[in-house]
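Residue-level listing of the chains:
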Amino acid sequence: MKLQQLRHFLFVVEEGGFRAAANRASRSQAALSASIKELEKTLGQHLFEIGNKATLTPFGESCVPKIQQFLSVYQVLEDDLQAISSGNKGKIRIASVPSLVTKLLPSVLVAYSKKHPEIEIVLIDDNAVGVANRLLTGEVDLALGNCMSIDEKEINFTLLISDPIGVVCLKSNELNLLQKKDELTQAHGLKWQQLLMQPFIYNGTCRLLENTPAEALNRKARYTVENITSLFSLLRNDLGVTTLPKLAFPSNEPELIWINLLDPSLNRQIGIFKLADKSISPPAQAFYELCIAYVQENYLL
């Protein structure tokens, strides 16, 4: 029993005759008749009365609603699969570092949702290591962050933004006063040695200081905090200072300030990445390409 045969049968029922059904099917009347006869042979019963080919037999009448239901379900399936293939339906899972969730991703998601309104998006925020692990274990389709902890052979990484590292402290902190004085000499920032006079708070992004002279700050850290909310609570209570990428610093922060770190001058390389040895779904591929294009058009590296 072939799908085409079922469609031909319904064409005859809906058009009220073989000639009109043949025109609708863009087939000759003989070819359409042969298709119906093959279907009857498969089913072992006549679908139309002998001598009056447009009149259904009782068996044929009982077949009509069942075949209509089947073809309707099949059409929905076909439409859904084509929509998924074109990237217009489905689900994508994305892991991202929190700073991108608050600053970059919302704009990208707005642009993506306008083009693909029926795609379900699952967004998971995690630190850089967690984002990488979620990608490697297959929990997510795409990841956004810096890929310091991933072997380059395992991923395809595309750079999106070069995010400068700076010092974060209270606006009333003497470091802020120092850098304001330095502005008069066009320094516009701080050197890592100037942070040694302050209690240092280690957070996940401080890994970026490793293999630089500023790694000494990590070794002398008084506090270690992974959660960004806890980190800002300690900073606001004047328990120390820390370093953060600029994108991780909240906009319009009333109490704290981000100051450029001059020495060493460091940047977090933020990008979007996927597994190198595994293809992703059409909706995920569409997001991947849109994200890269959007950042290239709207952000300066």
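Criteria and cut-off values
- Residues numbered from 1 in each chain as written.
- Predicted model: local features only at pLDDT ≥ 70, side-chain atom pairs only at ≥ 80, totals over all residues.
- Heavy atoms only, no water.
- Salt bridge = Lys/Arg side-chain N within 4 Å of Asp/Glu carboxyl O.
- Helix = DSSP H or I, 4+ residues; strand = E, 2+ residues; numbered from the N terminus.
- Buried < 20%, exposed > 50% of the residue type's maximum accessible area, 1.4 Å probe, protein only.
- Axes fitted to C-alpha atoms, helices over the stretch in contact; angles between N-to-C directions.
- Parallel < 35°, antiparallel > 145°, perpendicular 65-115°, else oblique.
- Left-handed = near helix turned anticlockwise from the far one by under 90°.
- Contact = heavy atoms within 4.5 Å.
- Nonpolar A, V, L, I, M, F, W, Y, C, P; charged D, E, K, R; others polar.

With respect to the pattern of salt bridges
Tallied over the full model, the rule gives 8 salt bridges. The partner of R268 in a salt bridge is D163, and the shortest N-O contact between them spans 2.8 Å. Separated by 105 residues along the polypeptide, R268 in strand 12 (residues 267-275) and D163 in strand 6 (residues 155-170) bring together distant segments of the chain. Taking the shortest distance from any N to any O, the salt bridge between E253 and R236 comes out at 2.8 Å. Within this pair, whereas E253 is found in the loop between strand 10 (242-245) and strand 11 (256-263), its partner R236 is found in helix 10 (residues 228-236), the two being separated by 17 residues in sequence. In this structure E253 comes out as buried when scored by relative accessible area, which is 8%. In the salt-bridge network here, residues are joined through shared partners; they are E14, E15 and R24.

Concerning the packing of helix 1 (residues 3-15) against helix 4 (residues 58-85)
Interaxial distance between helix 1 and helix 4 falls to 10 Å at its minimum, and their mutual angle equals 120 degrees. Viewed along their axes, helix 1 and helix 4 adopt a mutual orientation that is oblique. Viewed along their axes, helix 1 and helix 4 form a crossing whose handedness is left-handed. Across the interface between the two elements, L3, L6, R7, F9, L10, V13 and E14 of helix 1 pack against G60, C63, V64, I67, Q68, F70, L71, Y74, Q75 and E78 of helix 4. Residues of the contact of helix 1 with helix 4, tallied by class, amount to 11 nonpolar, 3 polar and 3 charged.

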